[in-house]
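# Observations on the model geometry
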Amino acid sequence: MNQEARESFTAFVAARSGSLIRTAYVLTGDQHAAEELLQNALAKTAARWRSVRDSPEAYVRKAMYHDQVSRWRRRGREYATGSPPEGVHHDADVDLRVSLERALFALPPRKRAVIVLRYFEDLPEAEIASIMGCSVGTVRSQAHKALARLRELAPDLAVHLEMS
Amino acid sequence: MNPEDNGRLLTEALTRIADRADPVHDPAGLAERALRRAGGRRRVRTAAALTAVAAATAPLLLLGGGETVRPAPPAATAAPDTAAADERRLVNACMHHGPPTGGMGGPHLLPKKGRPSDFRVLVSTEAGAETVAAVGSPGGFVLCAVQNELSTEPPYFLPWPGDISRGLSSFPGKLRVDSTAFLTRVGENGRGTSYDGLHHLVTGRFKPDVARIEVVWNRDRRADAVLRDGHFLARIGSRYAKTDDIDVMVRPQDRIRSITAFDAAGKVLQTWKAPGKGLRDFDSNTCRRPGAPALCSG
C-alpha cells in the first residue's frame, strides 16, 4: 500500500471509528469483543483498500456482520454477551426497556443482525440483503420472524411489538 | 401500535446499547494496527518457508470415495533465519499481536497467560492458501487458521489437559488428544458461502517412538497427522449443513472415531477410540463442567 493509500485509510478510520465501534458494540455487547471485531474488520478492509475505498464503511460493516454471525454459529449456542444495567426497577417504562434489551441480546444471530441493520443502521432492505448475502424477501421474512421472537422472549413487550 | 412504533422502540433500545460503548481513543493506532495486519509491510509466506518448518511427514488424505490426495512435496529448505522469522509472524498472527483471550462469555483478554513472545509454533499444516496451526506455551495453546497474517479466530487460550506437572510428555501411552475443534476457513469477505467453510481438526502429543499417526473420522474419512517435536495435528474440510431455513444452524456432524499411532516399521503402538459416536468438540475448558470426559485426566 502506498503512502497516499495509507493516509486515506488512516483518515477514514479517524473519521468513522466512533460510529463503527458503536455498531460493533451493538453486535457483541462487550467492549473488548467490539474492539476486536472492529480491528479484524479494519484489517480486512485495509487489505482490500484499493477496491473498497469508494465505500469503505459498507465494507467494514459487512465484514463485522459476517465475522460475528460466523462466530455465533460456530460456537453452536446462544449466549447473552453483555447485559443491560442491573438494578431494582419500579418504573414500568424502565422495566420495558430492560426487557427489550435482554430480548435483543437473546436473539439468534441472523435475526439479531437483521434487527440491527434495519433499526440501528437504518439501511434499506436491498443493502441489508447485500450484506447478509440473501434476498430482499428473506430479509423481510427474517425481520418478521425476529419481531415474533422478541415477543416470545419478552412477553411483556407483546402489546408494544405488533407484527408489521 | 403500528410498525413505525416498532421501529422507534427498537431504534431507541439499540441506541441505548450503543451508547454504552467506549469511544476509540487512538484512531491512528487502530489504523496502524489494521494496516500492519493487512500485510502492508510483510506477508507470511505459506509455501516454501512454512513447509520447511513443518514436520517431515506430509499429510496424506484419503477421501470417502477412495480418492487419494497428496499435497505437493516440501520445497527446498529455507534459511534458518527466514524460517524463524516466518514462524514468529505466524505466532503473531495467531495471537492477534496480543495476549490470548478467554472463551466468549468469560474474561476476555488474559495477559497472565502470556504474550505472543511466550508462544511458539507447535505444529502446522497447509490447507490451500491457509495455514492451520497450534501455537503453544508452557501453560496452554491456541489454534488458528491464518492467511496473509489474518487469523479467522480470536486467540482462545486452551490450557493443557491432563496432568502436566512432570512435563508435556509425561502422559500415559503413546499419544494423547489435547483438543478437537472447528475453525472458520479464511474465505473472502462478501461471499456468504465462504463463511460456511470450516476446518475440523484434532491436536495432541505423541512419544518419540511414534512415526505416524492416522486419524479416522465418521464416514470413513482418514488423514495422516502432521508430526513435529512431540505434537501432532490433523484436519479435514468441513462446513455447516445447508437448509431451507437460513436461521437453522445445523452444526457439522464431523466426528473423530479413532486415532492410531504407528512405529517406523508400521506396527500399531496404540489406538485411541472416541467414546460413543465420536469426538466432535473437546478442549480442556470442558473439563470444568460436570461429567467431564476421560480426556480431562491422564
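Before going into details, it helps to say that this report is about the structure given with it. (Residues numbered from 1 in each chain as written. Chains lettered and ligands numbered in written order. Predicted model: local features only at pLDDT ≥ 70, side-chain atom pairs only at ≥ 80, totals over all residues. Heavy atoms only, no water.)

Right, let's get into the pattern of salt bridges. This model, assessed by the stated rule, comprises 21 salt bridges over all chains. Where Glu32 of chain B meets Arg6 of chain A, a salt bridge forms, and the shortest distance between an N and an O atom there is 3.2 Å. Here Glu32 of chain B is found in helix α2 (residues 27-37), whereas its partner Arg6 of chain A is found in helix α1 (residues 3-28) on a different chain. One salt bridge in this structure joins Arg149 of chain A and Glu152 of chain A, with 2.8 Å as the shortest N-O distance. Of the two residues, Arg149 of chain A and Glu152 of chain A are both situated in helix α8 (residues 136-153); the distance of three residues between them amounts to about one turn of the helix. Given a relative accessible area of 54%, Glu152 of chain A falls into the exposed group. Here the salt bridges share partners, and the residues they tie into one network are Arg212, Glu214, Asp220, Arg222 and Asp224 of chain B. (Salt bridge = Lys/Arg side-chain N within 4 Å of Asp/Glu carboxyl O. Helix = DSSP H or I, 4+ residues; strand = E, 2+ residues; numbered from the N terminus. Buried < 20%, exposed > 50% of the residue type's maximum accessible area, 1.4 Å probe, protein only.)

Turning our eyes to something else, we now look at the state of the cysteines. Residue and element names in this part refer to chain B. By the definition in use, this model includes one disulfide over all chains. A sulfur-sulfur separation of 1.6 Å characterises the disulfide bridge that pairs Cys94 with Cys144. Highlighted residues: Cys94 in helix α4 (residues 80-94) and Cys144 in strand β5 (residues 140-147), separated in sequence by 50 residues. Side by side, Cys94 and Cys144 carry an identical accessibility label, which is buried. (Disulfide = S-S within 2.5 Å.)

Okay, the sheet that holds strand β13 (residues 231-239) of chain B next. All names here are of chain B. Reading across from one edge, β8-β9-β13-β12 is the order of the four strands in this open sheet, with antiparallel pairing throughout. Looking at strand neighbours, the two that pair on one side only are β8 (175-184) and β12 (226-228), the edges of this open sheet. On average, each strand axis in the sheet is inclined to that of its neighbour by 20 degrees, with strand direction left out of account. Pairing between β8 and strand β9 (residues 197-206): nine bridges, direction antiparallel. In the sheet register, Leu175 faces β9, and the bridge partner there is Phe206. (Pairing = 2+ DSSP bridges. Axes fitted to C-alpha atoms, helices over the stretch in contact; angles between N-to-C directions.)

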